[in-house]
Amino acid sequence: MKVLVTGGAGYIGSAVVHQLVAGGDEVVVFDNLTQGHRAAVHPDAVLIEGDLSERGAIDAALSEHRPEGILHFASHTLVGESMEFPFRHLGNNVRCGLNLLESAVDHGVRRFILSSTANLFGQPDRDLIDEETTISPGSPYGESKFILERILHWMDDRFGMRYAALRYFNACGALSPDLGEDHDPETHLIPLVLQVALGQREHVTIFGDDYDTPDGTCIRDYVHVADLADAHIRALHALDGGSRTYNLGSGTGFSVREVIETCRAVTGHAIPATVGPRRPGDPAVLVASSERIRGELGWSPRYDDLRTIVESAWAWHQSHPRGYGDRAPHAS
Ligand SMILES: NC(=O)c1ccc[n+]([C@@H]2O[C@H](COP(=O)([O-])OP(=O)(O)OC[C@H]3O[C@@H](n4cnc5c(N)ncnc54)[C@H](O)[C@@H]3O)[C@@H](O)[C@H]2O)c1
Ligand SMILES: O=c1ccn([C@@H]2O[C@H](COP(=O)(O)OP(=O)(O)O[C@H]3O[C@H](CO)[C@H](O)[C@H](O)[C@H]3O)[C@@H](O)[C@H]2O)c(=O)[nH]1
């Protein structure tokens with residue numbers, strides 16, 4: 001299949017692009033490279049440097065390449081930042097998504113995959129979050145993704161757009177030692193902890209240890225990018241059977257302290273940690289039930305062991321301590 005992948009130079013998108021190309025699909029990446037990296041794009045994929053806020057740029061890409069499907073990863077992605085700058089997230093994510101969908105409809109594209117999020121659920125009152133759990137976005141970021149899910153519902157209803165909304169829990173790990181996570185600024189827990197082991201930070205700050213959890217720190221469901229890629233490919237090829245929505249996680253939660261302990265064990269570094277205040281917008285516990293995608297598409301996570309996840313991330317960070325190395329050095 002020929003597909004257009006927005007955000008295909010970013011962390012998760014680039015991993016999915018590599019797996020799509022490996023499976024024989026033809027890929028066009030559309031990315032403004034604000035967080036993405038040229039070097040992360042598979043050499044057999046076409047890279048268009050463009051911004052989704054410009055409808056004309058999307059139209060040009062779809063007219064030239066005529067993809068059958070779109071995978072939409074490009075987004076503002078940070079929960080905490082969206083609490084501080086709600087309009088930035090709501091405006092950008094919804095406007096860019098609408099531009100893309102309107103152009104897709106005009107160009108006859110009828111297959112669409114959306115990167116959605118566990119943040120749709122706020123802090124649910126159940127242990128495992130399935131697709132029937134009440135939607136109550138925990139931040140403007142989560143709200144922007146829910147709005148896009150609702151827009152997709154109407155695209156299907158009005159235009160026969162078959163979509164999959166994939167609600168990832170916490171993406172983690174590296175597809176290979178040469179393809180991993182490189183954000184600026186980095187805000188995600190595992191890369192930050194590993195940067196301490198690399199000697200690039202003095203310590204990691206735990207955002208609150210007074211949550212109602214066994215060790216007082218937040219619990220998250222860490223799902224490996226290789227497993228996310230597998231889910232995208234299965235969902236893409238299942239769309240002819242109709243639109244679908246899936247929660248994607250491994251079904252096991254790990255606390256912030258457990259993540260730091262595992263990073264200590266894998267790296268052999270003491271990794272000093274201090275406790276700071278809670279981060280606005282952070283729910284205490286988010287763990288997925290992915291029974292629906294397991295049952296319908298036969299997906300199951302292969303990398304659900306935290307040590308294996310951290311080992312794959314550590315292999316990437318060790319071989320690329322400055323990431324892809326394409327950022328201007330920070331003034332100190
Ligand atoms: N990382 C996670 O744990 C996680 C969890 C749930 C959902 N998600 C979602 O998955 C998707 C990918 O996340 P990621 O961690 O790979 O993020 P990322 O920042 O690494 O990738 C996003 C990519 O989109 C590009 N981009 C951003 N705005 C753009 C625009 N206006 N036009 C064109 N390109 C643009 C960036 O340059 C970047 O390459 C996002 O939609 C995010 O909300 C991520
Ligand atoms: O320096 C840090 C960084 C993070 N944390 C904690 O570690 C956990 C994981 O935080 P991340 O920033 O790594 O990830 P988030 O859970 O905030 O968010 C991620 O998963 C969400 C879905 O749950 C979103 O979709 C979002 O895009 C994606 O970044 C949270 O409890 C956070 O409070 C710390 O204690 N210290």
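Residues numbered from 1 in each chain as written. Chains lettered and ligands numbered in written order. Predicted model: local features only at pLDDT ≥ 70, side-chain atom pairs only at ≥ 80, totals over all residues.

By the naming in an unreviewed UniProt entry, the protein chain goes by UDP-glucose 4-epimerase and is assigned to Longimicrobium terrae. In UniProt, the protein chain has this text filed under Sequence similarities (unreviewed entry): "Belongs to the NAD(P)-dependent epimerase/dehydratase family." The UniProt entry for the protein chain carries this comment under Cofactor (unreviewed entry): "NAD(+)". (UniProt positions renumbered as here; feature names shortened; annotations may be inferred.)

(A) Summary view of the domain arrangement of the protein chain. Taken domain by domain, the protein chain comprises domain 1 (2-171 + 222-248) and domain 2 (189-220 + 251-319). Each partner contributes residues to the interface: domain 1 has 28 residues there, and domain 2 has 23 residues. Those elements that provide at least two residues to the side of domain 1 that touches domain 2 are α3 (79-84), β10 (222-224), α7 (225-238) and β11 (244-248). By residue class, the composition of the side of domain 1 that touches domain 2 is 14 nonpolar, 8 polar and 6 charged. (Domains from an automatic or database assignment. Contact = placed C-beta atoms within 7 Å. Helix = DSSP H or I, 4+ residues; strand = E, 2+ residues; numbered from the N terminus. Nonpolar A, V, L, I, M, F, W, Y, C, P; charged D, E, K, R; others polar.)

(B) View of the sheet that holds strand β14 (residues 285-286). Ordered in space as β12-β9-β14, the 3 strands form an open sheet in which the pairing is mixed. Taken across any chain shown, the strands that pair with only one partner, and hence form the sheet edges, are β12 (254-255) and β14. As defined by bridge partners, strand β9 (residues 219-220) adjoins β12 across 2 bridges and the pair is classed as antiparallel. When the sheet's bridge partners are listed, Ile219 is paired in β12 with Ser255. (Pairing = 2+ DSSP bridges.)

(C) A look at the site of ligand 1. Around ligand 1, the structure places 27 residues, and the nearest of them are Gly7, Gly10, Gly36, Ala74 and Ser75. Mapped onto the shell around ligand 1, the elements with two or more residues apiece are α1 (11-22), β5 (111-117) and β7 (170-172). Sorting elements by how many residues they give to the shell around ligand 1 places α1 first, with 3 residues. Its residues assigned to classes, the shell around ligand 1 shows 10 nonpolar, 15 polar and 2 charged. (Near = placed C-beta within 6 Å.)

(D) How the structure looks around the site of ligand 2. In the vicinity of ligand 2 there are 21 residues, among which Thr117, Ala118, His188, Phe207 and Cys218 approach most closely. Elements represented by at least two residues in the shell around ligand 2 include exactly α6 (189-197) and β8 (204-207). The element best represented in the shell around ligand 2 is β8, accounting for 4 residues. Its residues assigned to classes, the shell around ligand 2 comprises 11 nonpolar, 7 polar and 3 charged. Taken domain by domain, the makeup of the shell around ligand 2 includes at least three residues from each of domain 1 (2-171 + 222-248) and domain 2 (189-220 + 251-319).

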